[in-house]
Structures are given as C-alpha cells and as structure tokens.
Amino acid sequence: LVAPETPTGEAILCINPEDQVYTSVVGMGEELTWTLDPQEAGVLVFEAEMATVAWADDFVGEAMISVQITSLCATSEFSLPLVVIVHALPEFAMEENAVACYGQNVEIAADLTGTAPWTINIMGVGEMTVAESPYVFTWEAMQDSSFTVDMVTDANGCVNDVMHTASVLVNELPVVDLGED
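Nothing here was measured: the structure is a model prediction, and the numbers come from that model.

Novice: Would you mind showing me how to read the pairing of strand β11 (residues 118–122) here?
Specialist: One face of the sheet, then the other: side chains in a regular strand alternate in exactly this way. Where burial is concerned, most of β11 is hidden: four out of the five residues are buried. Across five bridges, β11 lies against strand β12 (residues 126–130) in antiparallel orientation. Opposite tryptophan 118, over in β12, you have valine 130 as the bridge partner. Joining the antiparallel neighbours β11 and β12 is a turn of three residues, in which glycine 124 adopts a positive phi near 80°. Looking at chain direction, β11 and strand β14 (residues 145–153) are connected through four bridges and run antiparallel. When the bridges of β14 are listed, asparagine 121 appears paired with methionine 151.

If you want it as structure tokens, here you go:
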C-alpha cells in the first residue's frame, strides 16, 4: 500500500490560532490515521479525509501532521508530513520618556521582535514600515509632544495590539540678560 500524499491545509499560523482543518485523500474501503507531532502542539480530531487541529494556546514552533492509510489487507507508511509553523506575536518596546532642549534632535529607540519588516500603527498618524530593529524615531524638539504605538504586524502577518506611549518634555533654551550696554 502506497503512502498517501502530504496532507493539505494552512501551514503558517500565529500563536493561538483558531482551529484549523487539514485534508487528505482516501480510496474506497480505506481509512486514514492522522498524527500530530509534537502532541503538545494541540488536539487532533479526525474523521475520514478531514482532521481538525485545536492548537494549544501557548504553542510556538514547528508541528508536523502526517497521515497513514489502512485497508483490510495492509497499512501504508505515513505520508511526508505537512510542516506547520506557529509564530509568536511580534513584540514592540520603546523608551517612554525623554527630555530635550528646544531645537535639539530627540531620539526614541524601539526594539521589535518577530520577522522583519514590521508595520507599526501610530495613533492619529497612521502606519509606517520598519525594516530593522532597533529602530530610532528622530525629530526636532520644538514643543512637548507624545505619540502612541497601538499595533505591530510582522512579515508573517502576526498582529499584536500593543499600547506604548513615548512622551518628550522640551525645555526652553536659557535666556541670558547681560544688562544694558
């Protein structure tokens, strides 16, 4: 009995995905047996040509789904596995407070995890693409200001709703009074 084809289904996921359905083909009078490795990746429930994986909420990494055919006369080898990669959510962290003198450049460093490039959303401004981490936000300090990053998406399409605000206090330049001439 020939091993079945590799199962089909979604192979790139983000942590804590919804249940996913995987399929394979079976002939008349044959049954399929499905496996999920490692078992801690989730719970596999199968019936005939379809298997559903309820992924574990905290599983991140590679999992393999294979299928085997059993008939009245023989059992096949397991199929080549479908390798499913479950990615962690991207993370975003930045300095929260800075002080600058009027007219100086302000630099706020941000660290990102996940797969570059990232798309970050700055509330009230919109989205921007960041190609590498750490990333440094730079602008000229003219007045007290702040901005909030409320979402980060990595190249895998994993989205993390974050809430990080950076505030900059701008000090006025000193005024020197040398008196009358």
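From this point, the narrative continues.
Novice: Help me out: how do you make sense of the sheet that holds strand β3 (residues 31–37) in this one?
Specialist: The strands that make up a sheet are held in pairs by hydrogen bonds between backbone atoms, and each pair lies either parallel or antiparallel. The mixed open sheet is built from four strands, whose spatial order is β1-β7-β6-β3. Looking along the sheet, the strands with just one partner apiece sit at the ends: β1 (12–14) and β3. Each strand axis lies, on average, 25° off the axis of its neighbour in the sheet, ignoring direction. In terms of strand pairing, β3 meets strand β6 (residues 61–70) through seven bridges, oriented antiparallel. Looking across to β6, one finds that leucine 36 is bridged to isoleucine 65.

Novice: Would you explain the packing of aromatic side chains in this entry?
Specialist: Ring pairs (aromatic) are described by centroid distance and by the angle formed between their planes. Applying the stated criterion across every chain yields a total of four aromatic pairs. The interplanar angle of 55° and the centroid separation of 4.9 Å between the aromatic rings of phenylalanine 137 and phenylalanine 147 together place this pair among those described as tilted. Of this pair, phenylalanine 137 sits in strand β13 (residues 135–140) while phenylalanine 147 sits in strand β14; the two residues are ten residues apart in sequence, bridging distant segments of the chain. Considered together, phenylalanine 137 and phenylalanine 147 belong to a single accessibility category, that of buried residues. The interplanar angle of 80° and the centroid separation of 5.8 Å between the aromatic rings of tryptophan 139 and phenylalanine 147 together place this pair among those described as edge-to-face. In textbook terms, an aromatic cluster arises when at least three aromatic residues are bridged by ring pairs, as seen for Tyr135, Phe137, Trp139 and Phe147.

Novice: I would appreciate a short explanation of the sheet that holds strand β8 (residues 92–94) in the present structure.
Specialist: With antiparallel pairing, three strands are arranged side by side in an open sheet as β8-β10-β13. Only two strands of the sheet have a single neighbouring strand rather than two, namely β8 and β13. With strand direction ignored, the average angle separating the axes of adjacent strands in the sheet is 25°. Taken together, the six bridges between strand β10 (residues 105–112) and β13 define a ladder with antiparallel strand orientation. Within β13, the residue paired with asparagine 105 across the bridge is glutamate 140.

Novice: Can you walk me through the environment of glutamate 77 in this structure?
Specialist: In this structure, glutamate 77 sits in the loop between β6 and β7 (82–87). The exposure class assigned to glutamate 77 is exposed, which follows from its relative accessible area of 63%. Put simply, glutamate 77 and phenylalanine 137 are 60 residues apart on the chain and 55 Å apart in space, counted from C-alpha to C-alpha. Beyond its immediate sequence surroundings of up to four residues, glutamate 77 is in contact with Ala3, Pro4, Val67 and Gln68.

Novice: I would appreciate a short explanation of the state of the cysteines in the present structure.
Specialist: A covalent bond between the sulfur atoms of two cysteines is referred to as a disulfide. By the definition in use, this model includes one disulfide. Here cysteine 14 pairs with cysteine 158 through a disulfide, and the sulfurs are 2.0 Å apart. Between cysteine 14 and cysteine 158 the sulfur-sulfur dihedral comes to about -95°; the bridge is accordingly left-handed. Here cysteine 14, found in strand β1, pairs with cysteine 158, found in the loop between β14 and β15 (159–160); they are 144 residues apart in sequence, far enough to count as distant. Looking at cysteine 158, the relative accessible area reads 0%, which means it is buried.

Here is what the cut-offs are and how they apply
Residues numbered from 1 in each chain as written. Predicted model: local features only at pLDDT ≥ 70, side-chain atom pairs only at ≥ 80, totals over all residues. Heavy atoms only, no water. Buried < 20%, exposed > 50% of the residue type's maximum accessible area, 1.4 Å probe, protein only. Helix = DSSP H or I, 4+ residues; strand = E, 2+ residues; numbered from the N terminus. Pairing = 2+ DSSP bridges. Axes fitted to C-alpha atoms, helices over the stretch in contact; angles between N-to-C directions. Phe/Tyr/Trp six-rings, centres within 6.5 Å; stacked < 30°, edge-to-face > 60°. Contact = heavy atoms within 4.5 Å. Disulfide = S-S within 2.5 Å.

Nothing here speaks to function; it is geometry throughout.
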